[in-house]
Amino acid sequence: YVDCAAAVRQMELTVPHGVGDESPSPPLPLPLVSGEETSSEESSQNSGVIEDNDNSSQNISESWCWWLIGSWILLLIDFICLIAFVLAVLPGFLRFSWYYVVASKRKVVLYGGVSCRQSLDVFLASDKAIGEDATHREEEAKMELSRSVQDNFHSQSVCPLLSGSNTTATEHRSSQRARPVVLFFPGGAWFIGYKMWGALTARILSKFGIVTVLSDYRNYPFGTVQSMVDDVSNAIEWTVKHIDEYGGDPHRIIVVGQSAGGSLLTTALLRRALQLHQEQAQHVGVSNSTSTQSNEQDEDETTPLSWNPTDLCGLISVSAPYSFERMDTTFHRHGLSRGFMERMLPSHHRKDFDSFALLHQLQQEQTNPGSRPLPPIRIWHGKSDKTVPWEMAQNFLDSLVVAELSDKVQHHFFEEWTHTSPILEDPMMGCHDFHRLVVSAVQEWTAPDEEQECDFVGFCWNDNDPILEPLFPCFPSISVKVARFCMPF
């Protein structure tokens, strides 16, 4: 455009001055016009804008590179801290790993057919706690050995949900010898969880006459939070239907979840209670809303559920995060991108899996003020927890009390508890406060009356029991202090 304007001005300056002139006047020298000055200014401005864009892009690239470097540094620090933690408690880890793999009396079953992570470890109650004589114990050992092949982890026929028949059916114990059941869901930040983290808990509870079930579930990236919640629901379904085959009482089941396991467990119970309420409302014509879980359920999870939260004797949630939104900061602090939680649980699904949102929705849809769709609940959290702040548990506790959806809501906040000390560091040192509290809850929630709380030998807590001794007798206390300091979670 500037070149064309200059050419036009050049032509205008060469036009003759008069009509009668015989010869055209010589062309005047072309002066420096204002347009060219404007062109120069525009060019300089354009070049300045380009330079600013280049600088901005360079700044963004540099910021991204620095963020990436910082994230890798944080992840490296966490990894080093995790290695230091493992080395500090290595003797205890070796001891309880030996118990889990070799010495424990456990049976492995599958509760789903989609992934090998959909499995349960059933720890049978101690014979001493049940009070059986030696002859019966020997006969039962033979019976258990004969079916060990069927209970093998790699056998697909061990799961009645897969085969359609009960291939592990044995002679059921009488109702007088049926034991209370604790179904435990371990934590692991939704991506490093494994059922083995509950081995110390199963070791103690089974000794005191409680059938203990450790549940595994799919982890990210092999499953989203939605599929994890489905796994928790299906694990409860299997336990209710089949735990009597292993000496447990299906009418005396308590569910316990730690960290991410507690979050998934709470979410599963709230979603199940909401689903049952909506189904009942549809049946009586009160509401036309559809079930949340049926809409959001994985395509590979088609097993209908029959359990009710009120069928459970109680819920214990330990060191659990109840809001996914608030965990973004924690993951970011450990070097993970803020999109990590988005990939694990998209934003448009948060309201369907956030415990606060589900609790509020269930409270709003509750038409019967006297109804209690949730079992008794106990919330335990440590004030020394650096991963999940105890204030989150306090907020959720306040919401539970206001909602009035459970007959009894209790809590205890421990000054010395860290995020993992109740289930790992403390039991290794012979401190079993968490296990004693669980046994106390089992006695309170499952005993028919006070006279029958200790009806079986060993069921009551005994501080002098040899099993409560430290896993490694010469384990120095400084090692546990180092482990607590280095623990990245």
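Each value, and the rule that gives it
- Residue numbering note: each chain is counted from 1, following its sequence as written.
- Side-chain atom pairs in this predicted model are given and counted only at pLDDT of 80 or more, local residue features only at pLDDT of at least 70, and totals for whole chains, interfaces and linings cover all residues.
- To obtain the side-chain values, all non-hydrogen atoms of the structure were included, while hydrogens and water were left out.
- Secondary structure elements are defined from DSSP: runs of H or I of at least 4 residues count as helices, runs of E of at least 2 residues count as strands, and each element is numbered from the N terminus.
- Partly exposed residues are those whose accessible area sits between 20% and 50% of the maximum for their type, while under 20% is buried and over 50% is exposed, using a 1.4 Å probe and protein chains only.
- Any two residues whose heavy atoms approach within 4.5 Å are treated as being in contact.
- Surface exposure here means Shrake-Rupley accessible area, sampled with a 1.4 Å probe, where a residue is shielded only by the protein chains that are shown.
- Definition used for salt bridges: Asp or Glu carboxyl oxygen within 4 Å of a side-chain nitrogen of Lys or Arg.
- Here a Phe, Tyr or Trp ring, Trp counted by its six-membered ring, pairs with any other such ring whose centre lies within 6.5 Å, and the pair is stacked when the planes are under 30 degrees apart, edge-to-face when over 60, and tilted otherwise.
- Any two strands with at least two DSSP-identified bridges between them are counted as paired.
- Axis lines are fitted to C-alpha atoms, over the contacting stretch for helices. Their N-to-C directions set the angle, which ranges from 0 to 180 degrees.
- What is meant by a nonpolar core is a set of buried Ala, Val, Leu, Ile, Met, Phe, Trp, Tyr and Cys residues, joined one to another through side-chain atoms within 4.5 Å.
- Grouping into patches uses exposed residues only, defined as over 30% relative accessible area, and leaves out salt-bridged ones; the cut-off is 9 Å for like charges and 5 Å for nonpolar side chains (Val, Leu, Ile, Met, Phe, Trp, Tyr).
- Each angle is binned into one of four classes, with values under 35 degrees roughly parallel, values over 145 roughly antiparallel, values of 65 to 115 roughly perpendicular, and all other values oblique.
- In this scheme the handedness of a crossing depends on how the near helix is turned from the far one: anticlockwise by less than a right angle means left-handed, clockwise means right-handed.
- In this classification, Asp, Glu, Lys and Arg are treated as charged, Ala, Val, Leu, Ile, Met, Phe, Trp, Tyr, Cys and Pro as nonpolar, and every other residue, Gly included, as polar.

> What is the right way to look at the overall build of the protein in this model?
The helix and strand inventory of the protein stands at 18 helices and 8 strands. A buried classification covers 48% of the 489 residues belonging to the protein. The contacts in the protein between residues at least 6 apart in sequence include a share of 78% that link residues at least 24 apart. Entry remark: accessible area of the protein is about 23,900 Å², with carbon and sulfur atoms responsible for 57%.

> Which parts of the structure should I look at to understand the pattern of salt bridges?
Across all of its chains, the model carries 12 salt bridges by this definition. Note that arginine 106 is salt-bridged to aspartate 121, the shortest N-O span being 3.2 Å. Pair noted here: arginine 106 is in strand 1 (residues 106-110) and aspartate 121 is in strand 2 (residues 119-123), with a separation of 15 residues, a long-range link. Between arginine 378 and glutamate 444 there is a salt bridge whose closest N-O contact spans 2.3 Å. A residue pair is termed long-range when its members are at least 10 positions apart, and arginine 378 in strand 7 (residues 377-382) and glutamate 444 in helix 17 (residues 433-446) qualify at 66 residues. Under the relative-accessibility criterion, glutamate 444 is labelled partly exposed at 37%.

> What's the story with the packing of aromatic side chains in this structure? I'm lost.
By convention here, two paired aromatic rings are described through the distance between centres and the angle between planes. Across all of its chains, the model carries 10 aromatic pairs by this definition. Note on tryptophan 238 and tyrosine 246: the rings are 6.0 Å apart at their centroids and 40° apart in plane angle, and the pair reads as tilted. On the basis of relative accessibility, which here comes to 1%, the residue tryptophan 238 falls in the buried class. A residue is classified by how much of its surface remains accessible, and tyrosine 246, at 2% relative accessible area, is buried. Relative to phenylalanine 434, the ring of tryptophan 417 lies with its centre 6.3 Å away and its plane at 70°, an arrangement referred to as edge-to-face.

> What should I look at first to understand the sheet that holds strand 7 in this one?
Hydrogen bonding along the main chain pairs the strands of a sheet, whether they run parallel or antiparallel. Strand order in this open sheet of 8 strands is 1-2-4-3-5-6-7-8, and the pairing throughout is mixed. Single-partner strands in this sheet number two, and they are strand 1 and strand 8 (409-414). Across this sheet, the average inter-strand angle for adjacent strands is 20°, counted without regard to direction. Bridge analysis of strand 1 against strand 2 gives 5 bridges, and the strand direction is antiparallel. Of the residues in strand 2, the one forming a bridge with valine 109 is leucine 120.

> I tried to follow the nonpolar core on my own but got confused; where do I start?
Nonpolar side chains in soluble globular proteins tend to be buried together. Counting 62 residues, the largest nonpolar core has Val122, Trp190 and Ile236 as its most contacted members. If you tally residues by element for this core, the top one is helix 9 (residues 260-284), at 8 residues. Contacts of valine 122, omitting those with residues within four sequence positions, involve Lys105, Arg106, Lys107, Val109, Val211, Thr212, Val213, Trp238, Ile243 and Tyr246. By size, the runner-up hydrophobic cluster in this structure holds 40 residues, among which are Ala88, Phe208, Ala441 and Val442.

> Quick question: what am I supposed to make of the pairing of strand 6 (residues 314-318) here?
On a regular strand, each side chain points to the face opposite its neighbour's, so the side chains alternate between the two faces of the sheet. Most of strand 6 sits inside the fold, with 5 of its 5 residues counted as buried. Alternating positions in strand 6 separate into two faces, Gly314, Ile316 and Val318 on one and Leu315 and Ser317 on the other, with burial throughout. Taken together, the 5 bridges between strand 5 (residues 248-258) and strand 6 define a ladder with parallel strand orientation. Across the sheet, the residue bridging to valine 256 is isoleucine 316, located in strand 6.

> When you look at a nonpolar patch on the surface in this model, what are you seeing that I'm missing?
A contiguous nonpolar surface patch, about 690 Å² in accessible area, is contributed by Leu76, Phe79, Ile80, Ile83, Leu87, Leu90 and Leu94. When residues of the nonpolar patch are assigned to their parent elements, the largest contribution, 5 residues, is made by helix 2 (residues 34-88). Assignment of secondary structure puts leucine 76 in helix 2.

> Honestly, unusual backbone geometry in this entry has me stumped. Any pointers?
Cis geometry marks the peptide bond from tyrosine 220 to proline 221; its omega dihedral reads 10°. Tracing the chain through its elements places proline 221 in the loop between strand 4 (211-215) and helix 8 (225-242). Backbone geometry places alanine 189, a non-glycine residue, at a positive phi of 60°. Of note, alanine 189 is situated in the loop between strand 3 (179-185) and helix 7 (199-207). The backbone of serine 319 sits at a positive phi, close to 55°, despite the residue not being glycine. Inspection of the secondary structure assignment puts serine 319 in the loop between strand 6 and helix 11 (327-333).

> Got a minute to help me understand the packing of helix 7 against helix 17 in this structure?
Two quantities define a packed helix pair, namely the angle between the helix axes and the distance between the axes. For the pair helix 7 and helix 17, interaxial distance at closest approach is 10 Å and the crossing angle is 50°. Considering the angle they form, helix 7 stands oblique to helix 17. Relative to helix 17, the crossing made by helix 7 is right-handed. Seen from helix 7, the contacting residues are Leu200, Thr201, Ile204 and Leu205; seen from helix 17, they are Phe434, His435, Val438 and Val439. Tallied by class, residues from the contact of helix 7 with helix 17 come to 6 nonpolar, 2 polar and no charged.

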